[in-house]
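Tertiary structure, described
For reference, the chains in residue letters:
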Amino acid sequence: MTTTKNQGMTSARRQFLKTAAGTGVAALSGLAGAQAFDFRPNQRYPDPSVFILDPSFAKYRIYSSTVEQLGTGMRWAEGPAYFSQGGYLLLSDIPNNRLMKYDEKSGQFSVHKTNVNYANGNVCDRQGRLITCEHSVTRRVVRTEKDGRTTVLADRFEGKRLNAPNDIVVKSDDSVWFTDPTFGIGGEWEGSRATPEQATTNVYRIAPDGKLTAVITDLVNPNGLAFSPDEKKLYVVEWKGTPNRSIWAYDVSADGATVSNKTKLIDAAGPGAFDGFKVDRDGNLWCGWGYTGALAAEPADIGGGMKAHLPTGRSDEMDGVKVFNPEGKPIGFLRLPERCANLAFGGPKRNRLYMTSSHSLYALYVESHGAV
């Protein structure tokens, strides 16, 4: 019986590798950490999953480029960070408590590191080092040095532990900015449940000399953040805004240390959900997008004598990347088969958009370039 079972597992494994190879997907070495989904790219040009919401977006679409699935088998993919010196992307698989790696040259998708304290946001600093938001357990921001040592950049503010560092960006002056909502300590799925010690959910700045300051304290669970190309504006997602999720814009002071003039740039409107996002050289915001999971107030008949509160939106229509111009107008949409939580520009020319989407990593070449 044992031999038959092992033969069956081996056969299934070979079939998965065969399927992955046939679709151009880099399969994980060893057993996957979650479901691995088959993906069939669009054969025709232009890719029908790339939508032009406004004529101004047409110049960013490459006619002969289609969405590709580069890796699969994760539970909740997040925090992509591109390393130009090595030509690879690192990303988080939060519930599996590991960092993944996609190598551009070999096309290999593999486990980079395990037991990473439920890492969420990642960024490559100006010296080519990895800075990570440890989302739970340790609840800190750390830097991995070139020799592999770990340097703690922040774990407490005013003597109290941080909530759950989420997303992160490095400014040109080498200051590090990150958001600190409570997601990583709100349950057991993405870490360990804990009581928040901070009275508010803040956006923090770590100065080049290591000083930690709270630059924004009035947002409810801030999430993704990014600077405008000239770094005169800071954009921050408020995950639990009223009444909808929003992106707020702030003016950055001349010394780059504080922000002011809070202005709502984009309202997600209804069941739309922002998460992580990046800004291109033209100032457009490329935003992870999907359905919030909001339910109707009144239950509806679903058969079998049961009534249920049904979704107010459809994931299959909303999952992907929504692009807004600097004025906050939606101009483009990339539809994906899974909810996109975050994204990053990469490749030698910074014109390959990497999208971390639930169980998988997707990519699309665009006629646009990342601002950083």
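Above this text sits the structure in question.
Residues numbered from 1 in each chain as written. Predicted model: local features only at pLDDT ≥ 70, side-chain atom pairs only at ≥ 80, totals over all residues. Heavy atoms only, no water.

**Structural notes on the sheet that holds strand β18 (residues 233–238)**
Quick note on the threshold: Here a strand pair is declared whenever DSSP counts at least two bridges between the two strands. For the purposes of this entry, the term helix denotes a DSSP run of H or I that reaches at least four residues, the term strand denotes a run of E that reaches at least two, and both are numbered from the N terminus. Fitted lines through C-alpha atoms give the axes, limited to the stretch in contact for helices. The angle between two N-to-C directions lies from 0 to 180 degrees.
Taken together, four strands build an open sheet; the order of strands is β17-β18-β19-β20 and the sheet is antiparallel. Single-partner strands in this sheet number two, and they are β17 (222–227) and β20 (259–267). Taking each pair of neighbouring strands and ignoring which way they run, the sheet shows an average axis angle of 25°. As paired elements, strand β19 (residues 246–252) and β20 share six bridges and run antiparallel to each other. When the bridges of β20 are listed, D251 appears paired with S260.

**Some details on unusual backbone geometry**
For the peptide bond that leads from Y45 to P46, omega is -10°, which places it in the cis range. Looking at the element boundaries, P46 is found in the loop between α1 (2–22) and β1 (50–52). Positive phi outside glycine occurs at D174, with the angle close to 75°. Along the polypeptide, D174 turns up in the loop between β13 (168–170) and β14 (176–180). Phi at N221 is positive, roughly 55°, even though this residue is not glycine.

**With respect to the nonpolar core**
Worth spelling out the cut-off: Definition of nonpolar core: a set of buried residues of the types Ala, Val, Leu, Ile, Met, Phe, Trp, Tyr and Cys, connected through side-chain atoms within 4.5 Å. Categorising residues by exposure relies on relative accessible area from a 1.4 Å probe, with only protein chains included: less than 20% of the type maximum marks a residue as buried, more than 50% marks it as exposed, and the intermediate range marks it as partly exposed.
Counting residues in each nonpolar core, the largest one holds 19 residues, and the members touching the most others are F57, W286, V321, L334 and M355. Every element with two or more residues in this core is listed here: β25 (320–324), β26 (330–335), β27 (342–346), β28 (352–357) and β29 (360–365). Of all hydrophobic cores here, the second largest spans 17 residues; its members include V237, A268, C287 and F324.

**Let's talk about the pairing of strand β5 (residues 98–103)**
Most of β5 is tucked away: five of the six residues are buried. Relative to β5, strand β4 (residues 88–93) runs antiparallel, the two being bridged by six bridges. When the bridges of β5 are listed, Y88 appears paired with D103. The loop that links β4 with its antiparallel partner β5 comprises four residues; one of these, N97, has a positive phi angle of about 55°. Here β5 runs beside strand β6 (residues 109–114); their pairing, made up of five bridges, is antiparallel. Paired with R98 across the bridge in β6 is T114. Following β5, the chain reverses through five residues before pairing antiparallel with β6; G107 in that reversal takes a positive phi of roughly 75°.

**Observations regarding the environment of K59**
With respect to the helices and strands, the residue K59 is situated in the loop between β1 and β2 (68–72). Note on K59: relative accessible area 55%, which makes it exposed. Sequence-wise, K59 and S368 are 309 residues apart; in three dimensions their C-alpha atoms are separated by 8.6 Å.

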